[in-house]
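Chain and residue survey
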Amino acid sequence: MLKFVTICCLLGWAGWAAGQEIPPYIKQCRRSDPGLTDCLKEALQHLRPYLSSGIPEIKLPSVEPFVMDQLSLQLTGGPQGYRINLKNMEVFGASNFTVRSIKLADGSKPFETRLTIPRLTIHAKYTSSGVLIIIPASGSGDFDAVFDGVTADVKGLVSTNEKPTGMHLRVEKLDLNLSIKKPRLSVSKIFNNNRILTEATNLFLKENGHEVLRALQPQLQKKLSSEFTGIANQLLDNVPIHFFIRASSTGSQNHVQRYRHSGAKPVTHRPNPATGTKAGRQRANAKNGPAFILITCLPLSRPTRTHTRRPTMATSVTPARSLTLTLMLTIFLRAVLSQDIPYYMHRCERDAADVNDCLRYAANKLASFIRRGIPEIGIVDVEPVVVDEISIALGSGPDGYRASFRNIEAYGVSNLSIVNVRSDIDSMQFQMTIEIPKIKATAQYQSSGVLLLLQASGAGEYWGEYEGVKAKTYFKATPYQGDDGMTYLTVDQTKMDFSVKEIKMGVENIANQNAIIHAAMNLFINTNAQELLKEMKPQLRTKLTEHLQSFLQQLFDRIPVEQWLD
């Protein structure tokens, strides 16, 4: 009787087990299958989309993203050591794995799996404290990391557990070792959005990505191992072993896996000749896989007529002939006088109401020829404008930051436009407003001292781009008579001031300079460009005023007043 009951119970359990529906996220394998390892790899691949979306039936949340609570690391020691804390970490891309190899557990030996993930992306809240390369780097904000080319080697030990639903597995230990080909780390919204400190920190992270990752990796691997263990056990606690691997039986060919997908046909586990082989799968994938002046000379002809000459003792001048002679003399005199005005000059009437507008036109005409060179008055190359040296000092004391700029060459100055002229002809005083679209400058650069707590001593090359330059100039001159009887001017006084709308500056090729400090210096220079220009301006204005007076004197020594004022 007991034997009968036992047989009935076994048959009942077998019928219940056979009637159980295999979940759609499970791909079942046969224990006796020679390709069991490949089947298990495919089963793990089959599980990926379900891990991505989550499996509500077994209360398994989506792993995209999966969340880790906190990680921390210390990059440097001492009381001012640089420390980073990451909280509320969200990891994206973990479900996009590919199983490269798998080795089943054998007795006390652990199972081993190698996975590759194209990219892992991490977003977290970030706090830091301490000093990073002598930059005070305490702050908080957002942390982002992109890990490209991730390989994960997983080893683990499992145990079995009998439940009413059958035998279940449980992961008791999981070790994870990560290899990351290309880490990219960055922070944002930190240091009260101080651009310089933020960029300096990011440059450090960029230049030292692997070192930072090496410091972060032990905790990261430990956290990931714990998270992955929880995910695996959530699955294994709800799915018995025989759903994953079934024992061989004579009726196994008739065992059909049923899917919940609407309209899906039952699928047996016999290899499909179209897709069951590597070549077949490639064929199936291929099947489903995936454009200046124009002068017009009019000939002047004089009508001829035949007339009878009458003998006279003297020729009288008629009114018509007098008018003709007057016109001819006027034309002749104008032609002679016009030859005294060079092609690059325009003459204005000194008593005209619009004399200032005329002078502006004349000045722009002269400037356009100066740009190309006027050999007749000794002007050939006006570019670049050369300034010998200027210097700045941003701080006091032995560590005050000082920089000097030598052999400054400025290009684009000749591309100026005179937009306004005010004059007092009687006293020979003139004021002009000048605009220059862009000036580019280069120089040799040398500095010493501390800039923003950065040891910024060095030497190299300076560059600058100045857009929207506007200058106001004033000069007063005294006329004198030259040896040729013409009137010339001596420049007695010159004043100048200028403004720049947009500035870009930087230093390059600084010897023995750390790339991070170099970049931080350039960020400081550009962020504080207008302030730096204020420091440069007194010396620069003095130098440019000297150049302006010298250039004006060169012009007035060669161009008499009679050529531009009538």
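Everything below is about the structure printed above this text.
Everything quoted here is computed from the prediction, not taken from an experiment.

Along its length, the protein carries 10 helices and 18 strands. Looking at the protein as a whole, 37% of its 566 residues qualify as buried. Approximately 34300 Å² of the protein is accessible, and the part contributed by carbon and sulfur atoms is 54%.

For the rest of this paragraph, the subject is the state of the cysteines. Disulfide: a covalent bond connecting the sulfur atoms of a pair of cysteines. Within this structure, the stated rule accounts for two disulfides. Disulfide pairing places C29 opposite C39 at an S-S distance of 2.0 Å. On the sign convention where negative means left-handed, the S-S torsion of about -95° between C29 and C39 marks this disulfide as left-handed. With C29 in strand β1 (residues 29-30) and C39 in helix α2 (residues 36-53), the pair connects residues that are 10 residues apart, well separated along the chain. C39 matches C29 in its accessibility class, with the two residues each being buried. Between the sulfur atoms of C348 and its disulfide partner C358 the distance amounts to 2.0 Å. As the torsion about the S-S bond is roughly -90°, the C348-C358 disulfide counts as left-handed. Within this pair, whereas C348 is found in the loop between α7 (319-338) and α8 (355-372), its partner C358 is found in helix α8, the two being separated by 10 residues in sequence. As far as the burial class goes, C348 and C358 line up, both buried.

Turning our eyes to something else, we now look at the pattern of salt bridges. On inspection of all chains with the given rule, the structure shows 11 salt bridges. Its salt-bridge partner being D148, residue R184 comes within 2.9 Å of it at the nearest N-O pair. On the criterion of sequence distance, the pair formed by R184 in strand β9 (residues 166-188) and D148 in strand β8 (residues 139-163) is long-range, its members being 36 residues apart. Judged by its relative accessible area of 37%, R184 falls in the partly exposed class. Looking at D148, the relative accessible area reads 15%, which means it is buried. Salt bridges here are not isolated pairs; linked through shared partners, they connect R119, D148 and R184.

Cut-offs used in this document
- Think of each chain on its own: its residues are numbered from 1, step by step along the sequence as written.
- Residues qualify for local features only when their pLDDT is at least 70, as the model is predicted, and side-chain atom pairs are given and counted only at 80 or more; totals for whole chains, interfaces and linings, by contrast, use all residues.
- Calculation of side-chain values draws on the structure's entire complement of heavy atoms; hydrogens and water are dropped beforehand.
- Secondary structure is summarised from DSSP: a helix means a run of H or I of at least four residues, a strand means a run of E of at least two, and numbering begins at the N terminus for each.
- Three labels apply to residues, based on accessible area from a 1.4 Å probe with only protein chains included: buried if under 20% of the type maximum, exposed if over 50%, partly exposed otherwise in between.
- With residues, only the protein chains shown are counted as cover, and all accessible areas are computed by Shrake-Rupley using a 1.4 Å probe.
- Cysteine sulfur atoms that pair up within 2.5 Å are treated as a disulfide.
- Salt bridges, as used here, are contacts in which a Lys or Arg side-chain nitrogen is within 4 Å of a carboxyl oxygen on Asp or Glu.

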